[in-house]
Amino acid sequence: PLILLFIISFTFLLKNYRPTLLLSIFATVLIYFNIECSLYPFLLSYQPASQVGNRIIALEPSKKEIFTYKLPSSKRSYSFYSKRLMKPLFDKMKFYKIINIEDSRLVLVPADYLEDMKNFLGDQMTFEVLESHPSYKVATPKINFFFQKERSLITKDILLVRVRKKMDLRSGMYISK
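Residues numbered from 1 in each chain as written. Predicted model: local features only at pLDDT ≥ 70, side-chain atom pairs only at ≥ 80, totals over all residues. Heavy atoms only, no water.

Asks: How would you sum up unusual backbone geometry? Please name residues and give values.
Replies: Look at K83: it is not a glycine, yet its phi comes out positive at around 60 degrees. Here K83 lies in the loop between helix 4 (77-82) and strand 2 (85-88). Backbone geometry at D103 places phi at a positive 75 degrees, although glycine is not the residue there. Position of D103 relative to the elements: it lies in the loop between helix 5 (92-102) and strand 3 (104-110). Owing to a relative accessible area of 24%, D103 belongs among the partly exposed residues under this scheme. (Helix = DSSP H or I, 4+ residues; strand = E, 2+ residues; numbered from the N terminus. Buried < 20%, exposed > 50% of the residue type's maximum accessible area, 1.4 Å probe, protein only.)

Asks: Run through the environment of M93, naming residues and quoting values.
Replies: Along the chain, the position of M93 falls in helix 5. C-alpha of M93 to C-alpha of L121: the two residues are 28 residues apart in sequence and 8.9 Å apart in space.

Asks: So what about the pairing of strand 5 (residues 156-165)? Which residues, and what values?
Replies: Among the 10 residues of strand 5, 7 are classified as buried, and the element is accordingly described as predominantly covered. Across 7 bridges, strand 3 lies against strand 5 in antiparallel orientation. Among the inter-strand pairings, L106 is bridged to a residue of strand 5, identified as R162. Pairing of strand 4 (residues 125-135) with strand 5, which is carried by 10 bridges, proceeds in the antiparallel orientation. Counted as the bridge partner of E128 is R162 from strand 5. (Pairing = 2+ DSSP bridges.)

Asks: Describe the nonpolar core, naming the residues involved and giving the relevant values.
Replies: L89, F95, V107, M117, L121 and V163 are the most contacted members of the largest nonpolar core, which totals 16 residues. The element best represented in this core is helix 5, accounting for 4 residues. With residues up to four places along the chain from it excluded, the contact list for M117 reads Y69, L89, V107, V109, F127, V161 and V163. (Core = buried A, V, L, I, M, F, W, Y, C linked by side-chain atoms within 4.5 Å. Contact = heavy atoms within 4.5 Å.)

Asks: Outline the sheet that holds strand 2, listing residues and values.
Replies: Read from one edge of the open sheet, 5 strands run 2-1-3-5-4, paired in mixed fashion. Since the sheet does not close on itself, it has two edges, and those belong to strand 2 and strand 4, each with one partner. Strand-to-strand, the axes of this sheet are offset by a mean angle of 30 degrees, without reference to chain direction. Packed onto the sheet, helix 3 (residues 49-59) meets strand 1 (65-68), strand 3, strand 4 and strand 5 and runs at close to 150 degrees relative to strand 4. (Axes fitted to C-alpha atoms, helices over the stretch in contact; angles between N-to-C directions.)

Asks: Could you give an account of the environment of L59, naming the residues involved and the relevant values?
Replies: Mapped onto the fold, L59 is located in helix 3. The exposure class of L59 is partly exposed, given its relative accessible area of 27%. In sequence terms L59 and L106 are 47 residues apart; their C-alpha atoms lie 8.4 Å from each other. Not counting residues up to four positions away in its chain, the partners in contact with L59 are L106, L130, L160 and R162.

Asks: Could you give me a rundown of the pattern of salt bridges, with the residues and numbers involved?
Replies: Under the definition given, this model contains 8 salt bridges. A salt bridge links E102 to K63, with the shortest nitrogen-to-oxygen separation between them at 3.3 Å. With E102 in helix 5 and K63 in the loop between helix 3 and strand 1, the pair connects residues that are 39 residues apart, well separated along the chain. Between K70 and D116 there is a salt bridge whose closest N-O contact spans 2.7 Å. Of this pair, K70 sits in the loop between strand 1 and helix 4 while D116 sits in helix 6 (residues 114-121), and the two are 46 residues apart along the sequence. Beyond isolated ion pairs, a larger network of salt bridges with shared partners links E60, K63, E65, E102 and R105. (Salt bridge = Lys/Arg side-chain N within 4 Å of Asp/Glu carboxyl O.)

Asks: How would you sum up the side chain of Q124? Please name residues and give values.
Replies: Tracing the chain through its elements places Q124 in the loop between helix 6 and strand 4. At 2.7 Å, the side chain of Q124 and the side chain of Y96 are in polar contact. (Polar contact = N/O pair within 3.5 Å; in protein donor to acceptor, adjacent residues only side chain to side chain.)

Asks: Break down the side chain of R84 for me, citing the residues and quoting the values.
Replies: Along the chain, R84 falls in the loop between helix 4 and strand 2. It turns out R84 is buried and unbridged, and the closest side chain with the opposite charge, E60, is 4.4 Å from it. At 2.7 Å, the side chain of R84 forms a polar contact with the backbone oxygen of E60. Residues contacting R84, with those up to four places away along its chain left out, are I56, I57, E60, P61, K63, K64, E65, I66 and S79. (Lys, Arg positive; Asp, Glu negative; His and termini not counted.)

Read these as layout, nothing more, since geometry by itself doesn't imply function.
Structure follows, in structure tokens:
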């Protein structure tokens, strides 16, 4: 951007254009450069999909899907970075069958819906929150996001949860339904 600014400035000076036009172009480029270098990386820090995706790959390297619970489909980047398909939890009986075979699976869930997921899957499962990341839709930022005191009110936490079958402590066997 700075090289482009220099070329435009030099061209305008050679052609004797008004300084106000040159000043407005300079201000526009300066604002764009500031947004590009400071604001945009800050916004991207509230899109944790790449970190979560890498963690999913490390924890479940051979799986072909990642389960989600009430995660909006606009969060497709989790699927991209984890290199697997997103599979929403709609049918708990199918999930029970998978858990009976594989012992545990990872589930992505918004923090607001963790208790709802626990109620949905029932008391024969244990839930271990592995990670929590603040998330925000940076494509359409609101002015409140830039105020540190209000940011926590509009960001949502995304949880990476390990779901396992509950073990019967007396027998050492997993409880099956």
